[in-house]
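# Observations on the three-dimensional arrangement
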Amino acid sequence: MQKQILVTGGTGYIGSHTVVELQNSGFKVVIVDNLSNSEISVLSAIEKISGIRPDFEQFDLSDKTLTDAFFDKYPKIEAIIHFAAFKAVGESVEKPLEYYRNNLNSLMNLLDNMKRCGIAHMVFSSSCTVYGQPDILPVTESTPRKPAESPYGNTKAICEDILRDFCKVNSQTNCIALRYFNPIGAHPSALIGELPLGVPANLVPFITQTAAGLRKELSIFGDDYNTPDGTAIRDYINVVDLAMAHVVAINRLLNNNQKNNFEFFNIGTGQGNSVLQLVKTFIQVTGVNLPYKIVGRRAGDIEKTWADTTLANSELGWKAEKTLEETLLSAWMWEKKIRDIK
Ligand code: NAD
Ligand code: UD1
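Cut-off values and rules
Residues numbered from 1 in each chain as written. Chains lettered and ligands numbered in written order. Predicted model: local features only at pLDDT ≥ 70, side-chain atom pairs only at ≥ 80, totals over all residues. Heavy atoms only, no water. Helix = DSSP H or I, 4+ residues; strand = E, 2+ residues; numbered from the N terminus. Rg over C-alpha atoms; globule rule 2.2 N^0.38 Å. Buried < 20%, exposed > 50% of the residue type's maximum accessible area, 1.4 Å probe, protein only. Contact = heavy atoms within 4.5 Å. Areas by Shrake-Rupley, 256 points an atom, 1.4 Å probe, with all protein chains shown as cover. Lys, Arg positive; Asp, Glu negative; His and termini not counted. Charge placed at Lys NZ, Arg CZ, Asp CG, Glu CD. Axes fitted to C-alpha atoms, helices over the stretch in contact; angles between N-to-C directions. Left-handed = near helix turned anticlockwise from the far one by under 90°. Nonpolar A, V, L, I, M, F, W, Y, C, P; charged D, E, K, R; others polar. Near = heavy atom within 4 Å. Polar contact = N/O pair within 3.5 Å; in protein donor to acceptor, adjacent residues only side chain to side chain. Phe/Tyr/Trp six-rings, centres within 6.5 Å; stacked < 30°, edge-to-face > 60°.

## Focus on the overall build of the protein chain
Helix and strand counts for the protein chain come out as eleven helices and 13 strands. Relative to the globule expectation of 20 Å for 342 residues, the C-alpha radius of gyration of the protein chain, 19 Å, shows essentially globular dimensions. By its C-alpha atoms, the protein chain is 55 × 45 × 40 Å across when sized along the principal axes. Per-residue burial over the protein chain gives 53% buried out of 342 residues. Summarising the internal contacts of the protein chain: among those between residues at least 6 apart in sequence, 80% fall at separations of at least 24. For the protein chain, the accessible surface area stands at approximately 15000 Å², while carbon and sulfur atoms represent 51% of it. Charge separation in the protein chain, taken as the distance between the mean sites of 34 positive and 38 negative side-chain charges, equals 2 Å.

## Things to note about the packing of helix α1 (residues 13–24) against helix α2 (residues 42–50)
Their axes nearest at 10 Å, the elements α1 and α2 cross at an angle of 35°. Once α1 is placed against α2, the crossing between them reads as right-handed. Across the interface between the two elements, S16, V19, V20, Q23 and N24 of α1 pack against V42, I46, I49 and S50 of α2. Partitioned by chemical class, the residues of the contact of α1 with α2 number five nonpolar, four polar and no charged.

## Observations regarding the site of ligand 1
Close to ligand 1 lie 28 residues, the nearest being D33, N37, S38, N102 and Y152. A distance of 2.8 Å separates an oxygen atom of ligand 1 from a polar backbone atom of F83. Between an oxygen atom of ligand 1 and a side-chain N or O atom of K87, the distance comes to 2.8 Å. Alone, ligand 1 offers 830 Å² of accessible surface; in the complex the protein occludes 95% of this. Elements represented by at least two residues in the shell around ligand 1 include exactly α1, α5 (96–117), β5 (121–127) and α6 (151–169). Per element, the largest residue contribution to the shell around ligand 1 is three residues, and it comes from β5.

## As for the packing of helix α3 (residues 64–73) against α5
Where α3 contacts α5, the axes come no closer than 10 Å and their chain directions differ by 35°. Crossing of α3 against α5: the hand is right-handed. On α5, the residues touching K64, T67, D68, F71 and D72 of α3 are N109, L110, D112, N113, R116 and C117. Classifying every residue of the contact of α3 with α5 by side-chain character gives three nonpolar, three polar and five charged.

## Here we look at the packing of aromatic side chains
Two descriptors summarise a pair of aromatic rings, namely the distance from one centre to the other and the angle between the planes of the rings. Across all of its chains, the model carries six aromatic pairs by this definition. With a centroid separation of 5.9 Å and 80° between ring planes, the pair formed by F282 and W332 is classed as edge-to-face. A residue pair is termed long-range when its members are at least 10 positions apart, and F282 in helix α9 (residues 275–286) and W332 in helix α11 (residues 324–339) qualify at 50 residues. Note on W332: relative accessible area 6%, which makes it buried. An aromatic cluster of at least three residues, connected via ring pairs, comprises F59, F70, F71 and Y74.

Below, the structure written as structure tokens:
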């Protein structure tokens with residue numbers, strides 16, 4: 001009997017890749033998404049890759065009545081992967097209440113229903129943003145969290161706290177928060193990938209759009225950081241590797257392999273790369289010209305961060321496998337596909 005998993009935000013960037021890997025691993029998936037930041041055509045793309053069209057319900061998870069009705073309609077769900085959230089850092093500064101309302105209410109509505117319907121397992125999308133600029137690198141799970149730099153980052157910290165407190169009094173509930181570092185790249189089929197709205201704020205979509213001719217040049221934010229080439233360092237994780245971490249986490253929950261009922265793991269490669277290294281690698285693997293200039297630092301940016309992934313490696317038995325080269329190439333193949341570049 002196939003186990004049914006609810007994937008919230010499953011037509012989004014990371015969610016869609018995770019749905020494919022869950023289906024490949026034999027799970028039955030139902031997606032809930034309100035399409036506030038994704039497109040319905042993603043369902044057909046998923047079907048093209050896996051051969052299976054996932055069940056889909058379109059509604060807003062911050063609406064309690066609709067969420068309750070959904071769980072009444074789907075009584076066989078065994079676990080939830082909760083991706084659905086607003087995620088634009090800059091926008092969250094402009095619209096804090098929208099971010100708190102959407103990200104916190106959605107989680108609480110799901111937890112209410114887990115309790116009501118006896119669903120024991122959840123994997124939650126957290127972020128390395130909860131660590132801010134760590135004092136010691138690489139970042140382990142015992143590195144202290146720092147006060148959030150943005151309302152978005154704060155929603156991730158608060159959601160982790162909600163999960164911790166909920167698990168404390170609901171001993172039958174098991175949760176894993178995955179703290180993603182910087183997810184990049186696309187599925188090797190180039191059928192699904194990231195679809196940023198408007199001018200991308202993140203580095204890799206800006207790079208691929210510049211290479212595609214949509215943007216004049218890339219601005220590199222700062223070359224006066226205390227790093228080998230002066231540009232900021234991040235841990236860029238391939239989105240398919242990241243998707244696989246969710247499958248592994250779901251299996252850990254379903255097989256009752258947890259050490260305690262609220263766990264969290266860093267999900268990165270363990271390698272830091274600078275902005276300039278990324279730009280140079282992109283040019284090298286694609287052979288495409290990428291105009292860029294150095295400008296001042298971006299407000300709120302940290303200097304450097306990368307993960308210590310020892311805990312995820314040993315406890316989850318998960319490890320990032322893809323190289324930066326193949327990941328950047330996959331991002332470029334996806335950009336070419338959506339822009340119809342031959
Ligand atoms: P995304 O925007 O592509 O996907 C999120 C999906 O959730 C979208 O399809 C959106 O339509 C949907 N959604 C949002 N609010 C909803 C609601 N109230 N009800 C129903 N659907 C709703 O984002 P992503 O990059 O795939 O991120 C997935 C998760 O991972 C988010 O929680 C995000 O905060 C977290 N995360 C992302 C990154 C990153 O760099 N992409 C890094 C760390 C953490
Ligand atoms: C940002 C968010 C983080 C969020 C993540 C994923 C901030 C401060 N942090 O991380 O909370 O989880 O996105 O959505 O916004 N860069 C350029 N030029 C560009 C774009 C980026 O030089 O046009 C540089 C940035 O300064 C940074 C690196 O590239 O050093 C990566 O930037 P980005 O992709 O935006 O991710 P983060 O800032 O790490």
